[in-house]
Amino acid sequence: MSSDTDTTVFQNRGYFGKFMNGLRAALMAQRSLRYQVIFGLWAVTISTALRFGMDGVLPQGFPFLTFFPAVMLSLVFGSIRCGIAVAVVCGLIAWFWFIEPAGQFGLTHGAFLAIGFYMLITTTDVLFITAAVWALRELDVSRVKAHELAQSRSLMFSELQHRVSNNLATIAALLRLQSKKTKDEGARRALTASQARIKSISRLQRRLHSVDIQTVDAAEYLREVLQDTLDVAKLEKPVDMKIQADPLVVPNDVAVPLGLIASELMMNSIEHGAMLDRPIAIKVILRSIAPSETGLIEATLEMHDDGPGLPDGFDLAQAESLGLSVASQFATSLDGELTLTTGASGGTVACLRFRVGANSAEKPEPDAMDKVAASGAAIGKMPQAG
């Protein structure tokens with residue numbers, strides 16, 4: 001068993017935690033028979049000498065006073081059998097020398113009561129120390145099993161993520177092959193766009209693959225996701241992307257749909273910006289407002305581009321773009337609202353308003369991922385748009 005495991009049972013960092021961890025280490029230490037014999041002899045000798053030294057000071061009726069600590073220390077720093085042996089020897093010494101009539105093993109009524117109490121107390125000590133050692137050993141066994149289970153879970157999770165990544169890569173490769181064999185330009189563009197989305201999803205799940213990481217920095221996360229989207233798109237013209245973000249920590253169940261929405265909005269801006277004869281400029285702004293009385297942080301994700309803007313009479317609910325439909329559906333998993341408007345100086349402004357818990361380290365709501373799954377199911381039922 002590792003030393004790290006042995007010293008982290010009591011997490012209190014103060015003196016009490018150090019004392020308890022030291023006491024645990026003493027109880028669990030495996031000691032040689034020679035050590036136990038020597039410790040037991042010293043415990044008997046010192047406690048007997050102290051009792052003789054205090055004989056003229058103590059009043060009548062304290063024959064076992066110095067022997068109780070000897071028994072307890074032997075149980076803790078020797079072993080259970082060492083403590084029992086010390087208890088027996090000390091009891092006989094006290095009975096012979098310090099219980100009337102002294103110098104013999106007399107069994108008067110008073111001697112019987114004194115020895116009975118001594119046996120009761122030492123037996124209780126032995127039982128409590130034995131129970132404590134047994135409980136600590138069971139705790140160690142449970143912690144080892146939990147550690148092995150956590151390692152197994154981590155390995156299975158990593159293997160699952162690896163297989164998911166491989167499957168997504170295979171699907172993307174099949175779409176790439178199919179797009180090369182497709183003569184229809186519209187179908188080719190749809191296959192290429194689907195290939196880019198699958199690659200984006202693959203990279204997205206890689207960034208959230210750790211079973212131990214339950215929250216992410218939204219600003220850094222969006223920078224990585226959007227840069228991945230640009231890498232996947234393989235544009236022939238440069239893209240001037242600027243990101244301005246307030247500090248915001250979000251749980252994974254919020255990060256997944258947030259990354260997908262940002263990726264789809266970026267793909268939409270790139271698709272329409274490709275028609276221009278100049279570089280594409282995209283500005284991303286993530287704002288967060290202090291927690292409200294409900295304990296929720298109001299957050300806003302805006303994406304501004306300098307493209308041709310929205311057509312007259314545009315309605316997001318009736319949009320035929322698959323990317324916008326995907327973004328709208330995943331916005332519902334955040335209980336958020338997605339809107340698209342034409343910017344004051346042209347271009348398109350996509351705005352996603354959503355809320356996250358002020359304590360992002362808390363466990364996600366039980367139905368959070370169900371909402372994402374429901375959104376995915378709804379997307380799967382939509383008619384395939386170009």
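Residues numbered from 1 in each chain as written. Predicted model: local features only at pLDDT ≥ 70, side-chain atom pairs only at ≥ 80, totals over all residues. Heavy atoms only, no water.

A. Looking closely at the overall build of the chain. Helix and strand content of the chain: 11 helices and seven strands. Looking at the chain as a whole, 38% of its 386 residues qualify as buried. Considering only contacts in the chain between residues 6 or more positions apart, those separated by 24 or more positions represent 70%. (Helix = DSSP H or I, 4+ residues; strand = E, 2+ residues; numbered from the N terminus. Buried < 20%, exposed > 50% of the residue type's maximum accessible area, 1.4 Å probe, protein only. Contact = heavy atoms within 4.5 Å.)

B. How the structure looks around the pairing of strand S6 (residues 337–342). Relative to strand S7 (residues 348–357), S6 runs antiparallel, the two being bridged by six bridges. Across the sheet, Thr-339 pairs through a bridge with Cys-351, a residue of S7. (Pairing = 2+ DSSP bridges.)

C. Region of interest: unusual backbone geometry. A cis geometry characterises the amide bond from Glu-100 onward to Pro-101, with omega recorded as -5°. Mapped onto the fold, Pro-101 is located in the loop between helix H5 (80–97) and helix H6 (109–181). Phi at Asp-335 is positive, roughly 55°, even though this residue is not glycine. Tracing the sequence through the fold places Asp-335 in the loop between helix H10 (322–333) and S6. You can call Asp-335 exposed: its relative accessible area is 52%.

D. The arrangement of the pattern of salt bridges in detail. Counting across every chain of the model gives six salt bridges. The closest approach of N and O atoms between Arg-24 and Asp-140, which form a salt bridge, is 2.4 Å. Residue Arg-24 is found in helix H2 (residues 15–28), and its partner Asp-140 is found in helix H6; the two are separated by 116 residues along the sequence. There is no split in this pair, since Arg-24 and Asp-140 are both buried. A salt bridge links Arg-188 to Glu-185; the nearest nitrogen and oxygen atoms lie 2.7 Å apart. Taken together, the positions of Arg-188 and Glu-185, both in helix H7 (residues 185–207) and three residues apart, correspond to about one turn of that helix. (Salt bridge = Lys/Arg side-chain N within 4 Å of Asp/Glu carboxyl O.)

E. The packing of aromatic side chains, seen in detail. If you walk through the whole model with that rule in mind, you get 10 aromatic pairs. Ring centres of Phe-96 and Trp-97 lie 5.0 Å apart, and the angle between their planes is 85°; on these two criteria the pair is classed as edge-to-face. Look at Phe-96 and you get partly exposed, because its relative accessible area is 22%. Taken together, the ring pairs connect Phe-52, Phe-67, Trp-95, Phe-96, Trp-97, Phe-98 and Phe-105 into an aromatic cluster. (Phe/Tyr/Trp six-rings, centres within 6.5 Å; stacked < 30°, edge-to-face > 60°.)

F. Structural context of helix H3 (residues 33–53). When the terminal C-alpha atoms of H3 are compared, their 30 Å separation across 21 residues agrees well with the 30 Å that a helix rising 1.5 Å per residue should span. Along its buried surface, H3 packs onto helix H4 (67–77) and H5. (Expected span 1.5 Å × (residues − 1).)

G. How the structure looks around the sheet that holds strand S4 (residues 280–289). Taken together, the five strands give an open sheet; going across it, the order is S2-S4-S5-S7-S6, and neighbouring strands pair in mixed fashion. Unpaired on one side and paired on the other, strand S2 (239–245) and S6 mark the two borders of the sheet. Pairwise comparison of adjacent strand axes, ignoring direction, gives a mean angle of 15° for this sheet. Sitting on the sheet, helix H8 (residues 218–233) is in contact with S2, S4 and strand S5 (296–305), with an inclination near 165° to S2. Helix H9 (residues 252–273) contacts S2, S4, S5, S6 and S7 of the sheet and is inclined by roughly 15° relative to S5. (Axes fitted to C-alpha atoms, helices over the stretch in contact; angles between N-to-C directions.)

H. Structural context of the confidence of the model for the chain. Of the residues in the chain, 85% have a pLDDT of 70 or more, and the chain-wide mean is 81. By mean pLDDT, the top-scoring element of the chain is H3 (94), and the lowest-scoring one is helix H1 (residues 3–6) (44). Here residues 1–7 scores under 50 on pLDDT; set against residues more than four positions off or in separate chains, the count is eight contacts. Overall, residues 361–386 carries pLDDT values under 50, and its contacts beyond four positions in sequence, including any with other chains, amount to 29 contacts. (pLDDT = per-residue confidence, 0-100.)

I. Region of interest: the pairing of S7. Extensive coverage of S7 is indicated by the burial of eight of its 10 residues. In the sheet, S5 pairs with S7 via nine bridges, with the strands oriented antiparallel. Residue pairing for S7: Thr-300 is matched across the bridge by Arg-353. Where S6 folds back onto S7 in an antiparallel hairpin, the turn is made up of five residues, including Gly-346, whose phi is positive at roughly 95°.

J. Representation of the environment of Ala-102 within the structure. Structurally, Ala-102 can be placed in the loop between H5 and H6. A residue is classified by how much of its surface remains accessible, and Ala-102, at 43% relative accessible area, is partly exposed. The residues touching Ala-102, leaving out its near neighbours within four places in the chain, are Phe-96 and Trp-97.

K. Here's a closer look at the nonpolar core. Within the largest apolar cluster, 43 residues are counted, with the highest numbers of intra-cluster contacts made by Leu-248, Leu-301, Leu-352 and Phe-354. Secondary structure elements with two or more residues in this core: H8, H9, S4, S5, H10, S6 and S7. No other element matches the nine residues that H9 contributes to this core. For Phe-354, the residues in contact, after removing those within four places along its chain, are Leu-248, Val-254, Leu-258, Leu-286, Ile-297, Glu-298, Ala-299, Thr-300, Leu-301, Leu-334 and Gly-336. By size, the runner-up hydrophobic cluster in this structure holds 26 residues, among which are Ala-26, Val-44, Ile-93 and Val-126. (Core = buried A, V, L, I, M, F, W, Y, C linked by side-chain atoms within 4.5 Å.)

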